[in-house]
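Structural features, examined
The primary structure of each chain is shown beneath.
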Amino acid sequence: MAYGKNVKEILYGGDYNPEQWPRKTWEEDMRLMKKAHINIVTLNTFSWAALQPSEDRYCFDTLDSIMELVRKNGLKVCMATSTGAHPAWMAKRHPDILRTDRSGMKRKFGGRHNSCPNSPSYRKYAPKLAGMLAKRYKNYENIIAWHVSNEFGGECYCENCEQAFRRWLKKRFRTLEEMNRAFYTSFWGHTFYDWDEVVLPNFQSEHFLADGEERTMFQGITLEYRRFMSESMLECFRLEYQEIKKEMPDIPVTTNLMGFYKPLDYQKWAQDMDFVSWDSYPAPKDSPAETALQHDLMRGIKKQQSFVLMEQTPSVTNWQPYNRLKRPGEMRLLSYQAMAHGADAIQFFQIRRTIGACEKFHGAVIDHAGRDDTRVFRELEQLGSELGRLGDVFLEGRTPAKTAIFFDWDNWWALEYSAGPSIRMKYLDAIKDYYMAAFEVNIPVDIIGMADEFDPYKIVVAPLLYMTKPGVEEKIRKFVEGGGIFITTYFSGIVDEHDLVVQGGYPGRLRDILGIWVEENDALPKGEENSFVYKGNLYPAEILCDLMHLEGAQALSVYEKDFYQGMPAITKNQTGRGWAYYVGTRSNHEFYQKFMADIFTEAGIVGTMIVPRGVETAVRVKNDKEIFFLLNHNRESRQIVLDCDYKDLLNGNEYRAGDRIEIEGKGIFILSSQTGKCK
Ligand code: GLA
Ligand code: ZN
């Protein structure tokens, strides 16, 4: 629902930090924002030290003036609570607010996102500030949302966290016996006889570095710590949320997320957020598919509802090793891509460039020159004017998908903390293998999790489903029995929710659904591969080769060499009215393209439109009206032959089925389907 039903336009704007510069600049900021068609600002993201100069003193004067200024200028406000960085005096006076890092080092004041989530001081002062802000500004009708803290993240290993962890374990396991079982502490004589014997898993205890990656000797403990830390931070969010709601019960509350951010289980977070917002900063090497995937994830964590693009850079970041400029047209293209995947608002970090500290070379709407005749400003102005013309035509529109990819944070943690069989097995790589194959043929995909039903889909892919938590198997079984197509891969069904191996043969609880038994897993080092033939073509088998036996399934491909030559590599099994596929190894992009093309044909799923390579198409549906996004990620223009009658929502042109349109390099079209003919 993004900013909510009362918003009838695509909101456009970003983080505005006028407390950093003199008041005489403020009026000029207002003029420039108006020129760029900006209608929303996120305020007060990092002002805690200014708002609370000491223990008992609060000072809202500057913020009062800013609030008046933006109201007078007709701007809507996404109001942040400033708790993403605590004041220096607070760190000195209440050192419990400081974090302890993974090596056990207690941090001093510095940086941001620096508060211990289990610090009594933080849990007292942060919600208090949020409540005071809400109380003070509740009569401002231009506040349309609250933004708690900023990019929650990181971790803490302090004594308060340790004690809170023990309480968490007690609540979850109830008895020491049960905890010992779940942690498998009979291994290496780790049996705990008292809750107080448990310490946090970090480099002082169970963790070590292997090939530069953090690993653990007790996956069960580490997994539980991850769940606990994500929940600890979520609790901080909730505490502020509750204080805001006491004053402004009808205004939605969010916090800005970060896509595939491993430490926080966003599928859980989204349940406590009124709407999802996130910050998209693709690296220059990221493909359009990778950015699209993150948007789909962010839409998926909250039942496929639309979201807010809270931050992106208009031009350049400052924190990558090489901060490449977004090329002409790229900012616009990425903005429309976000909307194609469910964004209802486009916002930037930030409105005016800072002149000191580490973000002074980060792009902004108004740069250091302070002019409105820059390339970036002109592009922003054009986009703002276009969004104004689009109105609310697709706001809250759904993105209909018949294909889903299952994603789960616990699985991500467990898989990548496990020692063996291969360090090269990466969850996100496996997700991308399948996502890319759909993206390239413009087949929409929903990213779903444990809280979602499988029934709306014809195809559910669960790559590298190493962990089968309670409930997963049941969902898969019901889905396949009811006629769905389920696909999973090598190294799936191995462990339960505590990372304990399910005995009786891999893939554990999924064995009979898949009709196979995996006896061994062969991890191939870099440079080594096996191969298999699929539909007449030879493809590589890399990273992991599952050695399996058929128990009802049929083999679609077998390994071509080594001692397991002739054993199945890919299988297909009928269960009830549906089919379950097992892809027992990792292959290349060409294979996933071909394999998924066959699956899509079997399911009767076709792409949104037929377009040249590198052109993305997506659709949003609102009140039965379809809005099509055509996005040319190529540098050069492309021609598209339209399949139906369409209206161009930006210039009003009408096209007939069979018309040829030219889409410029990095260009876009937004079309609505007409009730006319389709070819
Ligand atoms: C994040 C933060 C912002 C800013 C930008 C810079 O997304 O939320 O405060 O630091 O990064 O890219
Ligand atoms: Zn802590």
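Keep in mind the model is a prediction, meaning the values are calculated, not measured.

**Some thoughts on the overall build of the protein chain**
Looking only at helices and strands, one finds 17 helices and 29 strands in the protein chain. Over its C-alpha trace the protein chain gives a radius of gyration of 26 Å, about what one expects of a compact globule, namely 26 Å for 679 residues. With the C-alpha coordinates of the protein chain rotated into their principal frame, the extents come out at 75 × 75 × 40 Å. Total accessible area computed for the protein chain in this model is approximately 27000 Å², and 50% of it derives from carbon and sulfur atoms. When the 86 positive and 94 negative side-chain charges of the protein chain are each reduced to one mean point, those points stand 5 Å apart.

**Overview of the site of ligand 1**
Taken together, the residues surrounding ligand 1 are Phe 46, Arg 112, Asn 150, Glu 151, Asn 256, Asp 279, Tyr 281, Glu 311, Trp 319, Phe 349, Glu 359 and His 362. Contact between ligand 1 and Asn 150: an oxygen atom at 2.9 Å from a side-chain N or O atom of the residue. Between ligand 1 and His 362, the relevant distance is 2.7 Å, taken from an oxygen atom to a side-chain nitrogen or oxygen of the residue.

**What about the sheet that holds strand E10 (residues 307-311)?**
What the nine strands build is an open sheet, ordered E7-E4-E3-E2-E1-E11-E10-E9-E8; its pairing is parallel. Either end of the sheet is taken by a strand with one partner, and the two such strands are strand E7 (253-254) and strand E8 (256-257). When strand E1 (residues 11-15) meets strand E11 (residues 343-348), the two strands line up parallel, connected through four bridges. When the sheet's bridge partners are listed, Leu 11 is paired in E11 with Ala 345.

**A look at the coordination of the zinc ion (ligand 2)**
Here the zinc ion (ligand 2) is held by Cys 116 (SG), Cys 156 (SG), Cys 158 (SG) and Cys 161 (SG), and the distances to it run 2.2 to 2.3 Å. For the zinc ion (ligand 2), the four donor atoms in the first shell make angles of 100 to 116 degrees at the metal, so the coordination geometry reads as tetrahedral. Linear spacing of the donor residues for the zinc ion (ligand 2) on their chain is C-x39-C-x1-C-x2-C. Separated by 42 residues along the polypeptide, Cys 116 in the loop between helix H4 (88-93) and helix H5 (120-137) and Cys 158 in the loop between strand E4 (143-147) and helix H6 (159-173) bring together distant segments of the chain. Each of the two residues, Cys 116 as well as Cys 158, counts as buried.

**Observations regarding the packing of H5 against helix H8 (residues 219-247)**
Here H5 crosses H8 at 30 degrees, and the two axes come no closer than 8 Å. Considered as vectors, H5 and H8 are oriented roughly parallel to each other. Taken as a pair, H5 and H8 cross one another with a handedness that is right-handed. Here Tyr 122, Arg 123, Ala 126, Pro 127, Ala 130, Gly 131, Ala 134 and Lys 135 of H5 lie close against H8, whose contacting residues are Ser 232, Glu 235, Cys 236, Leu 239, Glu 240, Glu 243, Ile 244 and Glu 247. Residue composition of the contact of H5 with H8, grouped by class: eight nonpolar, two polar and six charged.

**Re the side chain of Ser 277**
As for its placement among the helices and strands, Ser 277 is situated in strand E9 (residues 277-279). We classify Ser 277 as buried; its relative accessible area is 0%. A distance of 3.1 Å separates the side chain of Ser 277 from the side chain of Thr 254, its partner in a polar contact. Other than its neighbours up to four places away in sequence, Ser 277 contacts Thr 254, Thr 255, Asn 256, Leu 257, Val 308 and Met 310.

**Re the packing of helix H1 (residues 23-35) against helix H3 (residues 61-72)**
Across the interface, H1 lies against H3 with an axial gap of 11 Å and an inter-helix angle of 25 degrees. Between H1 and H3, the angle is such that the two are roughly parallel. Viewed along their axes, H1 and H3 form a crossing whose handedness is right-handed. Contact with H1, carried on its side by Arg 23, Trp 26, Glu 27 and Met 30, involves Thr 62, Ser 65, Ile 66, Leu 69, Val 70 and Lys 72 of H3 and no other residues of that element. Tallied by class, the residues present in the contact of H1 with H3 amount to five nonpolar, two polar and three charged.

**Section: the pairing of strand E28 (residues 660-663)**
Only one face of E28 is buried: it carries Ile 661 and Ile 663, and the other face, with Arg 660 and Glu 662, is open. As judged from the four bridges shared by strand E25 (residues 638-641) and E28, these two strands associate in the antiparallel manner. Counterpart to Gln 639 in the pairing with E28 is Glu 662.

**Quick notes on unusual backbone geometry**
Of note, the amide linkage connecting Gly 420 to Pro 421 takes the cis form, showing an omega dihedral of -5 degrees. As for its placement among the helices and strands, Pro 421 is situated in the loop between helix H13 (409-417) and helix H14 (427-439). Cis geometry marks the peptide bond from Tyr 506 to Pro 507; its omega dihedral reads -5 degrees. Here Pro 507 shows up in the loop between strand E15 (485-489) and helix H16 (511-514).

**Notes on the side chain of Thr 468**
With respect to the secondary-structure elements, Thr 468 resides in the loop between strand E14 (459-462) and helix H15 (472-481). The class of Thr 468 is buried, set by a relative accessible area of 0%. The residues touching Thr 468, leaving out its near neighbours within four places in the chain, are Gly 493, Val 495, Asp 496, Glu 497, Arg 509 and Leu 510.

**Looking at the environment of Glu 664**
With respect to the secondary-structure elements, Glu 664 resides in the loop between E28 and strand E29 (668-678). Measuring from C-alpha to C-alpha, the distance between Glu 664 and Asn 634 comes to 8.6 Å, with 30 residues separating the pair along the chain. Non-local contacts of Glu 664, meaning those with residues more than four positions away in its chain, are made with Arg 332, Asn 632, Glu 636 and Ser 637.

**A word on the environment of Pro 117**
The residue Pro 117 is located in the loop between H4 and H5 in this model. Separated by 117 residues in the primary sequence, Pro 117 and Leu 234 place their C-alpha atoms 8.8 Å from one another. Excluding residues within four positions of it along the chain, Pro 117 makes contact with Arg 99, Arg 123, Cys 156, Cys 161, Met 229, Ser 232, Met 233 and Cys 236.

**Regarding the sheet that holds strand E12 (residues 403-406)**
Spatially, the seven strands line up as an open sheet ordered E13-E12-E14-E15-E21-E20-E19, and their pairing is mixed. The open sheet is flanked by strand E13 (445-448) and strand E19 (554-558), the only strands paired with a single partner. Strand after strand, the sheet turns through a mean of 20 degrees between neighbouring axes, direction not considered. As judged from the four bridges shared by E19 and strand E20 (residues 568-575), these two strands associate in the antiparallel manner. Bridge pairing in E20 places Gln 554 opposite Lys 572.

**A look at the nonpolar core**
Grouped together as the largest cluster of nonpolar side chains are 176 residues, with contacts concentrated most on Tyr 16, Ile 143, Trp 146, Tyr 336, Phe 407, Ile 487 and Phe 595. Among the elements that take part in this core, H8 stands out by supplying 11 residues, more than any other. With 22 residues, the next largest nonpolar core counts Val 460, Ala 462, Phe 486 and Leu 510 among its residues.

**Here we look at the packing of aromatic side chains**
Summed over the entire model, instances satisfying the criterion amount to 44 aromatic pairs. Where Phe 237 meets Trp 269, the ring centres are 6.1 Å apart and the plane angle is 45 degrees; that geometry is what we call tilted. Taken together, the residues span a long stretch of sequence, with Phe 237 in helix H8 and Trp 269 in helix H9 (residues 266-272) at a distance of 32 residues. A residue is classified by how much of its surface remains accessible, and Phe 237, at 0% relative accessible area, is buried. Of the residues examined, Trp 269 reaches a relative accessible area of 0% and is grouped as buried. A network of ring pairs unites the aromatic residues Tyr 434, Phe 532, Tyr 534, Tyr 539, Tyr 581, Phe 591, Tyr 592 and Phe 595 as a single cluster. Against the face of Phe 173 rests Arg 172, its NZ or CZ located 5.9 Å from the ring centre. Between Lys 572 and the ring centre of Trp 579, over which it is positioned, the NZ or CZ distance is 4.5 Å.

Reading guide: rules and limits
Residues numbered from 1 in each chain as written. Chains lettered and ligands numbered in written order. Predicted model: local features only at pLDDT ≥ 70, side-chain atom pairs only at ≥ 80, totals over all residues. Heavy atoms only, no water. Helix = DSSP H or I, 4+ residues; strand = E, 2+ residues; numbered from the N terminus. Rg over C-alpha atoms; globule rule 2.2 N^0.38 Å. Areas by Shrake-Rupley, 256 points an atom, 1.4 Å probe, with all protein chains shown as cover. Lys, Arg positive; Asp, Glu negative; His and termini not counted. Charge placed at Lys NZ, Arg CZ, Asp CG, Glu CD. Near = heavy atom within 4 Å. Polar contact = N/O pair within 3.5 Å; in protein donor to acceptor, adjacent residues only side chain to side chain. Pairing = 2+ DSSP bridges. Donors = N, O, S within 2.8 Å, 3.2 Å for Na, K, Ca; no water. Tetrahedral: all angles 85-135°; square planar, octahedral: opposite > 155°, others 65-115°. Buried < 20%, exposed > 50% of the residue type's maximum accessible area, 1.4 Å probe, protein only. Axes fitted to C-alpha atoms, helices over the stretch in contact; angles between N-to-C directions. Parallel < 35°, antiparallel > 145°, perpendicular 65-115°, else oblique. Left-handed = near helix turned anticlockwise from the far one by under 90°. Contact = heavy atoms within 4.5 Å. Nonpolar A, V, L, I, M, F, W, Y, C, P; charged D, E, K, R; others polar. Core = buried A, V, L, I, M, F, W, Y, C linked by side-chain atoms within 4.5 Å. Phe/Tyr/Trp six-rings, centres within 6.5 Å; stacked < 30°, edge-to-face > 60°. Lys NZ or Arg CZ within 6 Å of the ring centre and 35° of its normal.

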